[in-house]
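Close look at the chain arrangement
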Amino acid sequence: MTARPACFVDRDGTLMLDTHYPSRPEHVRLIPGVADALRSVNVRGIPVVVVTNQSGIGRGLLNEADYEAVRAQLEHELTRAGARADATYHCPHWNERTGPCDCRKPGLGMYRQAAAEHTLDLSRSGYIGDRWTDVEPAISTGGLGVLVPGPGTRDADIMSARAHAHVVPSLRDAIDLFLAHLNGS
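Residues numbered from 1 in each chain as written. Predicted model: local features only at pLDDT ≥ 70, side-chain atom pairs only at ≥ 80, totals over all residues. Heavy atoms only, no water.

Note on soluble globular proteins: their nonpolar side chains tend to be buried together. Counting residues in hydrophobic clusters, the biggest one holds 27 residues, and the most contacted among them are Cys7, Val9, Leu15, Leu38, Ile128, Leu171 and Ile175. Secondary-structure elements contributing two or more residues to this core are strand E1 (7-9), helix H1 (34-42), strand E2 (48-53), helix H3 (64-80), strand E5 (144-147) and helix H9 (171-182). If we ignore the near neighbours within four places in the chain, the residues touching Val9 are Thr14, Leu15, Leu38, Val48, Val49, Val50, Val51, Ile128 and Leu171. If you look at the next biggest cluster of nonpolar residues, it comprises 17 residues, including Val49, Ala114, Leu122 and Ala138. (Core = buried A, V, L, I, M, F, W, Y, C linked by side-chain atoms within 4.5 Å. Buried < 20%, exposed > 50% of the residue type's maximum accessible area, 1.4 Å probe, protein only. Helix = DSSP H or I, 4+ residues; strand = E, 2+ residues; numbered from the N terminus. Contact = heavy atoms within 4.5 Å.)

Spelled out as structure tokens, the structure:
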């Protein structure tokens, strides 16, 4: 089977409002326009893969069951709005307690796992999020990195993305840029 591109998307601050360590389903609030943007990738048969750092687990602020309840609610909200994520990966580690790992973004562990499990071509994929750590993997893989600044985005993240990737105002703009990139525009 030929490897295909994927649209890797951060969760908190990119798909849903960042409520800082969301641990209950009622914390899930889709950012306006997210479902419509994801649907444009879904209809083209390009996998949408959510990749999220969840250090709140390593910090003891939530557990895997809490994370799973929030993940399931996000999936429900997306489905209800006519969109979907094809896979979700999370890093539960917090370096200060659990030590370094290869899965915490910008590490490539979650991306490599997704590529192996879903036959994905990381070099043709898009890497979208509201922090530089969401976008930086594009540099290592040769993919397209796109920063969508939100309330939690630091100025340094925007400066790094402007120098090495792309900065756009919305997920819709990021996905349009990714799709144009795939089409060679």
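Having seen the model, we can carry on.
Before going further, it helps to examine the sheet that holds E1. With parallel pairing, six strands are arranged side by side in an open sheet as E3-E2-E1-E4-E5-E6. Edge positions in the sheet fall to strand E3 (87-91) and strand E6 (166-167), since each of these pairs with one other strand and no more. As paired elements, strand E4 (residues 126-129) and E5 share four bridges and run parallel to each other. Note on E5: the bridge partner recorded for Gly126 is Leu144. H9 rests against E1, E4, E5 and E6 of the sheet, and its axis sits at about 165° to E5. (Pairing = 2+ DSSP bridges. Axes fitted to C-alpha atoms, helices over the stretch in contact; angles between N-to-C directions.)

Here the structure, examined in full by the defined rule, presents 14 salt bridges. The partner of Asp12 in a salt bridge is Arg11, with the nearest N and O atoms 2.6 Å apart. Between Arg154 and Asp157 there is a salt bridge, and its shortest N-O distance comes to 2.8 Å. Asp157 gets classed as buried once you look at its relative accessible area, which sits at 4%. Connected through shared salt-bridge partners, Asp36, Arg39, Arg172 and Asp176 make up one network. (Salt bridge = Lys/Arg side-chain N within 4 Å of Asp/Glu carboxyl O.)

Any functional reading would require information beyond the geometric quantities listed.
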